[in-house]
Amino acid sequence: MDPFDAGAGGILRQPKAVWATAGASVVAFMGIGLVDPILPSIAKGLDASAGQVSLLFTSYFLITALAMLVTGFVSSRIGGRRTLLLGLAFVVVFAGLAGTSDTVGQLVGYRAGWGLGNALFVSTALAVIVGAAAGGSAAAILLYESALGLGMACGPLLGALLGDASWRYPFFGTAFLMAIGFLCITVFLKEQPKPARKTSLLDPIRALGHGGLASAAVSAFFYNYTFFTVLAFTPFVLNMTPYKSGAVFFAWGVLLAVFSVLVAPRMQRRFGSLKVLGGSLVLLAADVLVLGYGNHTAAIVCTILSGAFIGVNNTVYTELALGVSDAPRPVASAGYNFVRWFAAAAAPYFAPKIEEWTDVHIPFVVAAVTALLGAVVVAVRRRALTHEAEELEPKHASEDSVTVFAN
């Protein structure tokens, strides 16, 4: 059955509750890259350094990492609907407050609260969409994947459009859109049954005792350092207007979405997951080196091209994390993300520091090295990572990819 079929069970024939949750998911994922094109504007407006402004990512993802231990605990006790609404409420409040900031310290603090809300929301949204969807999970998963890709691509674009007038407007715009999402979910989404077993705070940590899952998490940690060096540090290197920077990262997001959803599964079926991942990490390392040492045009091209490698990596890492151990998927996902999001917090902090200590090229050298370290872990731990990941059905691969990336 074609999931885009307009008949019953197709992606276009879903209950209002599903559309409300998917729409809010788009905005939630937009929040990740929203600040990218306005980082230089924020630095100028608040008289802050690149390192200080990059803490917007550090605080956001540090809280997201820690929240991985909490989201399952919360949702298994109060239910999916209430968890979604709690997360949305946090985003509305803290995104709105971020737009009122007078100092970079206030903005970083509000961004941390935003990260907690986003973690609560996106870690629950997929399960809610699948549970409320008509016609089984296939169309629901595709809808969620589309929301993820659309949000990652459009976040920088929205940031550029609103940020061209003032760096404060993207924050107010996000708060407004998420408030609409809150109202829609309140009206259209009914509470779903709670899980039979409540998740404890330590379950994700215990899951990391499995060698394969731990190997996937460590490799993804190194890879995510590279990923977020590109996302958080490159805008300062490009030094473009919000419109131009937003266009660059919009193209980056489109490649990320296309390669994650469409290209990666085909490559895996032909070459195998571990070969695809190892090759993609090596190519990403080469890409960021050229980004760091090339001229301005080369930096733009390599920034956009990195979206393709990042899209492939996200999908393959997801399958490895969720296919390599026998832990329940939500628990394995939480443990894996608990480790890897710490790198997303570290890269935006260390990249500007490394530039201060050395020069503008060296942060990209470090990012290339971390991508290669991720490939080395995959090669050395190949046997531990091979368990079930190579034999996953395409449907499972799609479901896991959105679950882990969202979490």
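One can find the structure itself at the top, above this paragraph.
Notes on the structure in this doc start here. Being a predicted model, the structure only gives us computed values, none of them experimental.

As for the packing of aromatic side chains
Thinking step 1. Considering all chains together, one arrives at 18 aromatic pairs under this definition.
Thinking step 2. Of note, Arg111 hangs over the ring of Phe57, and the distance from its end group to the ring centre comes to 5.9 Å.
Thinking step 3. Over the face of the ring belonging to Trp341 we find Arg340, whose NZ or CZ atom lies 4.5 Å from the ring centre.

Notes on helix α14 (residues 362–380)
Thinking step 1. Its 19 residues place the ends of α14 27 Å apart at the C-alpha level, agreeing with the 27 Å of an ideal helix rising 1.5 Å per residue.
Thinking step 2. Along α14, the positions that sit buried rather than exposed are Pro363, Phe364, Ala367, Ala368, Thr370, Ala371, Gly374, Ala375, Val377 and Val378.

So, the side chain of Asn224
Thinking step 1. Here Asn224 is to be found in helix α9 (residues 211–238).
Thinking step 2. Dropping the residues within four chain positions of it, Asn224 is found in contact with Arg340, Trp341, Ala343 and Ala344.

A word on the packing of α9 against helix α11 (residues 273–293)
Thinking step 1. Between α9 and α11, whose axes approach to 11 Å, the crossing angle comes to 30°. Considering their axes alone, α9 and α11 lie roughly parallel with respect to each other. Of the two elements, α9 crosses α11, and the hand of that crossing is left-handed. Across the interface between the two elements, Tyr223, Thr226, Val230 and Thr234 from α9 touch Leu281, Leu284, Val288 and Leu291 from α11.
Thinking step 2. When the residues that make up the contact of α9 with α11 are grouped by side-chain class, the tally is 6 nonpolar, 2 polar and no charged.

A word on the nonpolar core
Thinking step 1. In this structure, Ile42, Val53, Phe61, Phe121, Phe171, Ile185 and Trp252 are the most contacted members of the largest nonpolar core, which totals 115 residues.
Thinking step 2. With 14 residues, the top contributor of residues to this core is α9.
Thinking step 3. Apart from residues no more than four positions distant in its own chain, Val53 is found in contact with Leu39, Ile42, Ala43, Ala48, Val104 and Phe236.

Some points on the packing of helix α10 (residues 242–271) against α11
Thinking step 1. It is the contact of α10 with α11, at a shortest axis distance of 7 Å, that shows an interaxial angle of 120°. Here α10 is positioned oblique relative to α11, judged by the angle of their axes. Along its contact with α10, which presents Met267, Gln268 and Phe271, the element α11 presents Ser273, Lys275 and Val276.
Thinking step 2. Classifying every residue of the contact of α10 with α11 gives 3 nonpolar, 2 polar and 1 charged.

Conventions adopted
Residues numbered from 1 in each chain as written. Predicted model: local features only at pLDDT ≥ 70, side-chain atom pairs only at ≥ 80, totals over all residues. Heavy atoms only, no water. Phe/Tyr/Trp six-rings, centres within 6.5 Å; stacked < 30°, edge-to-face > 60°. Lys NZ or Arg CZ within 6 Å of the ring centre and 35° of its normal. Helix = DSSP H or I, 4+ residues; strand = E, 2+ residues; numbered from the N terminus. Expected span 1.5 Å × (residues − 1). Buried < 20%, exposed > 50% of the residue type's maximum accessible area, 1.4 Å probe, protein only. Contact = heavy atoms within 4.5 Å. Axes fitted to C-alpha atoms, helices over the stretch in contact; angles between N-to-C directions. Parallel < 35°, antiparallel > 145°, perpendicular 65-115°, else oblique. Left-handed = near helix turned anticlockwise from the far one by under 90°. Nonpolar A, V, L, I, M, F, W, Y, C, P; charged D, E, K, R; others polar. Core = buried A, V, L, I, M, F, W, Y, C linked by side-chain atoms within 4.5 Å.

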